[in-house]
Structures are given as C-alpha cells and as structure tokens.
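If you want the building blocks of each chain, they are given just below.
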Amino acid sequence: YYEVLLHLFGAKLEAQDDSNLLALFQKLVLLTPGFLPISEIEEPIFGIPHAPNACLQFLRYLRSKGDTVHARKVYRTVIFESSLGNIFNEFDEDMMVTFVEEAVALEQDSSGKKADKRNALVRLLEEASKLFEDTELGRKYQERLREVKLAG
C-alpha cells in the first residue's frame, strides 16, 4: 500500500493533478513512521523513490504554482508538526537541507507583512538549528538566525 501511495503521489505530481494531493501527502505523513527504516523504490515509475523525496517535490511543486499557503502547510508538517524532519534527516541529510532551504526561500520570497515574514523565518531557522544540532550546519543556521533577528 505504501509503495502504491508513493507511485500515485508521483503520478499526480507529474500530471500536475492537484485533486487529492494534499490528502495523499497527509497519508504519507501518517504512514511513513510505520514503514521505518525508509527504503528506496528501486525503479520509481513517476520519479518518487521515497517519502522524503515526495515531500521535497511537493513543496517545490506548490512553490512553482505560487501556492504559499499549502507550501507552508507542507514544510510546517514535516519540520514542526511531526517526527518526519528527524526521520528524513537521519535518512538523507542533504535532502533535508534542501527541504529546509526551499522552505526558507518560500518565506523570503513571500508577500506579506515584513514582521510576519521575519517571524516565520525566525521560527524556521530555530527549528533548523535544532534539527542539525551539534553540527557545522546547525551552527550556520544559528548564525543565519542571529542575522535575521538583528535585521528585524
């Protein structure tokens, strides 16, 4: 079921079929912790080999459409509201860094009040520094966090 869900998710992304994509994403979020360790589909039919990649591709897809509201929902679910950030980081740190950077870019590029953008960036960078705690990457996120707070 889980592998079929990844294929379906990939097919809908490839076809740019928005119907039920958010519901499929939520199912992936709920099911992924039960299918640990994360394994990679050897020959993914629609380019989604595992859940971390599905989340990254969905975030990118929503950003490309200018759907900031749902893109925020995706990154907040992965980073703040579930254990997926830690799970994905253990599986593929580089992919998790890319995911965080996509979320940071989303907030930097978003329209809206400067204070709201700043608050979103602060929260995101705080969580990123915790996610990569005790690493050089974590220190870099802490430095970026200080810069955002000072610029505020």
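No experiment lies behind these values; they were computed from the predicted model shown.

Draft legend 1. View of the nonpolar core. Ranked by internal contacts, the top residues of the largest apolar core, which has 49 residues, are Tyr75 and Phe99. Those elements that place two or more of their residues in this core are helix H1 (2-14), helix H2 (21-31), helix H3 (51-64), helix H4 (68-79), helix H5 (84-91), helix H6 (93-109), helix H7 (114-131) and helix H8 (136-151). The residues contacting Phe99, other than those within four sequence positions of it, are Cys55, Leu56, Leu59, Val74, Tyr75, Val78 and Ile79.

Draft legend 2. Quick peek at unusual backbone geometry. Going from Leu36 to Pro37, the amide bond is cis rather than trans, its omega being -5°. Position of Pro37 relative to the elements: it lies in the loop between H2 and H3. The phi angle at Gln16 is positive, at roughly 55°, despite the residue not being glycine. Position of Gln16 among the secondary structure elements: in the loop between H1 and H2. The exposure class assigned to Gln16 is exposed, which follows from its relative accessible area of 59%. Even without being a glycine, Asn20 presents a positive backbone phi close to 70°. Mapped onto the fold, Asn20 is located in the loop between H1 and H2. Asn20 gets classed as exposed once you look at its relative accessible area, which sits at 54%.

Draft legend 3. Just the environment of Ser110, in detail. When you line up the elements, Ser110 lands in the loop between H6 and H7. Expressed as a C-alpha distance, the spacing of Ser110 and Asp92, which sit 18 residues apart in the sequence, is 27 Å. Setting aside chain neighbours within four positions, we find Ser110 in contact with Thr68, Arg72 and Lys117. Within polar-contact distance, the side chain of Ser110 engages the backbone oxygen of Glu107 at 2.9 Å.

Draft legend 4. Molecular detail of the pattern of salt bridges. Using the criterion set out here, one finds 12 salt bridges in the structure. Between Glu126 and Lys149 there is a salt bridge, and its shortest N-O distance comes to 3.7 Å. With Glu126 in helix H7 and Lys149 in helix H8, this residue pair connects regions lying 23 residues apart in the sequence. Glu126 gets classed as partly exposed once you look at its relative accessible area, which sits at 31%. Lys149 sits in the partly exposed class, given a relative accessible area of 41%. Taken together, the shared-partner salt bridges connect Arg60, Arg63, Glu102 and Asp109 into one network.

Draft legend 5. Highlighting the packing of aromatic side chains. Under the defined criterion, the tally for this structure stands at 5 aromatic pairs. Where Tyr2 meets Phe35, the ring centres are 4.5 Å apart and the plane angle is 10°; that geometry is what we call stacked. Residue Tyr2 is located in helix H1, and its partner Phe35 is located in the loop between H2 and H3; the two are separated by 33 residues in the primary sequence. Relative accessible area serves as the criterion here: at 12%, Tyr2 is assigned to the buried category. Look at Phe35 and you get partly exposed, because its relative accessible area is 39%. The rings of Phe9, Phe25 and Phe58 are connected pair by pair, giving a single aromatic cluster. The aromatic ring of Phe80 is capped on one face by Arg123, whose charged end is 3.9 Å from the ring centroid.

What counts and how
- Residues numbered from 1 in each chain as written.
- Predicted model: local features only at pLDDT ≥ 70, side-chain atom pairs only at ≥ 80, totals over all residues.
- Heavy atoms only, no water.
- Core = buried A, V, L, I, M, F, W, Y, C linked by side-chain atoms within 4.5 Å.
- Buried < 20%, exposed > 50% of the residue type's maximum accessible area, 1.4 Å probe, protein only.
- Helix = DSSP H or I, 4+ residues; strand = E, 2+ residues; numbered from the N terminus.
- Contact = heavy atoms within 4.5 Å.
- Polar contact = N/O pair within 3.5 Å; in protein donor to acceptor, adjacent residues only side chain to side chain.
- Salt bridge = Lys/Arg side-chain N within 4 Å of Asp/Glu carboxyl O.
- Phe/Tyr/Trp six-rings, centres within 6.5 Å; stacked < 30°, edge-to-face > 60°.
- Lys NZ or Arg CZ within 6 Å of the ring centre and 35° of its normal.

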